[in-house]
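# Structural features, examined
Residue-level listing of the chains:
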Amino acid sequence: MTAVGSSEPDARPALPDGRYGPGADARADRKLRIAAVVLGALTVLGVGWYGWHALTDSKVSAQVVAFKVDSDQQVSIHLEVHKDAGTVAVCTVRSVDSDHNEVGRKDVRLAQHAKQVDTIVEVRTTGRGETGELVSCEKAPQG
């Protein structure tokens, strides 16, 4: 019987030393690791910043529950405001006539220490108002 293995040397030529060795791969791996760590840290910082602002910024929301035309010179607007307990809100309401012209506008400062504030705002008008509308409601500027 003959032996299965061959005593002939390997037919592949040897690669030059240092050209394709572990040094080049190690440098590339190190650069990729550094880039991944930097990208991961930036992602964590971005998500943390967004979450912090989403949780700490106090939001103010409001809606007109009802309105009533009292006379040609006044409209009463029932306003419901939701805010943080310590937040002061400023809401702007208005009344328009049948031609959609603004006939009255009023800014209302709500400093009550409550999360929900229901208030009736009386808006003086220059003509007969047909509606009572909420224009905006936001956190009052500090100062």
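Here, every reference points to the structure presented above.
One structure accompanies this document, and this report is about it. Quick caveat, the model's predicted, so the values are computed rather than measured.

Let us now look at the sheet that holds strand β2 (residues 74–82). Judged by pairing direction, the sheet is antiparallel, and its three strands sit side by side in the order β1-β2-β5 without closing on themselves. The outermost strands of the open sheet, each flanked by one partner alone, are β1 (61–71) and β5 (116–124). The sheet shows a mean angle of 20° between the axes of neighbouring strands, direction not considered.

Among the nonpolar cores identified, the biggest contains 14 residues, and L79, V81, C91, V93, L110 and V121 are the most heavily contacted of them. Put simply, the parts of the chain that give this core at least two residues each are β2, β3 (89–96), β4 (102–110) and β5. Top contributing element to this core by residue count: β2, with four residues.

Turning to the pattern of salt bridges, a few remarks are in order. For the structure shown, the criterion picks out five salt bridges. Note that D72 and R128 form a salt bridge whose closest N and O atoms lie 3.0 Å from each other. Placement of D72 in the loop between β1 and β2 and of R128 in the loop between β5 and β6 (131–139) is noted, with a sequence separation of 56 residues between them. Two residues, E133 and R94, come together in a salt bridge whose shortest N-O distance is 2.8 Å. Of this pair, E133 sits in strand β6 while R94 sits in strand β3, and the two are 39 residues apart along the sequence. E133 sits in the partly exposed class, given a relative accessible area of 26%. Beyond isolated ion pairs, a larger network of salt bridges with shared partners links R94, E102, R105 and E133.

Another point: the side chain of D97. Residue position: D97 is located in the loop between β3 and β4. Of the side chains bearing the opposite charge, R94 lies closest to the buried D97, which forms no salt bridge; the N-O distance is 9.7 Å. Reaching out from D97, the side chain makes a polar contact with the backbone nitrogen of D99 at a distance of 3.0 Å. Sequence-distant contacts of D97, that is, excluding residues within four places in its chain, are made with V103, R128 and E130.

Of note, the phi angle at H100 is positive, near 65°, even though the residue is not glycine. Relative accessible area serves as the criterion here: at 67%, H100 is assigned to the exposed category.

One open sheet holds the three strands; their spatial order is β4-β3-β6, and the pairing between them is antiparallel. In the strand order of this sheet, the two ends are held by β4 and β6, each with one partner. Between one strand axis and the next, the sheet turns by 20° as a mean value, whatever way the strands run. Taken together, the eight bridges between β3 and β4 define a ladder with antiparallel strand orientation. Along β4, the bridge assignment pairs A89 with L110.

Each value, and the rule that gives it
Residues numbered from 1 in each chain as written. Predicted model: local features only at pLDDT ≥ 70, side-chain atom pairs only at ≥ 80, totals over all residues. Heavy atoms only, no water. Pairing = 2+ DSSP bridges. Helix = DSSP H or I, 4+ residues; strand = E, 2+ residues; numbered from the N terminus. Axes fitted to C-alpha atoms, helices over the stretch in contact; angles between N-to-C directions. Core = buried A, V, L, I, M, F, W, Y, C linked by side-chain atoms within 4.5 Å. Buried < 20%, exposed > 50% of the residue type's maximum accessible area, 1.4 Å probe, protein only. Salt bridge = Lys/Arg side-chain N within 4 Å of Asp/Glu carboxyl O. Lys, Arg positive; Asp, Glu negative; His and termini not counted. Polar contact = N/O pair within 3.5 Å; in protein donor to acceptor, adjacent residues only side chain to side chain. Contact = heavy atoms within 4.5 Å.

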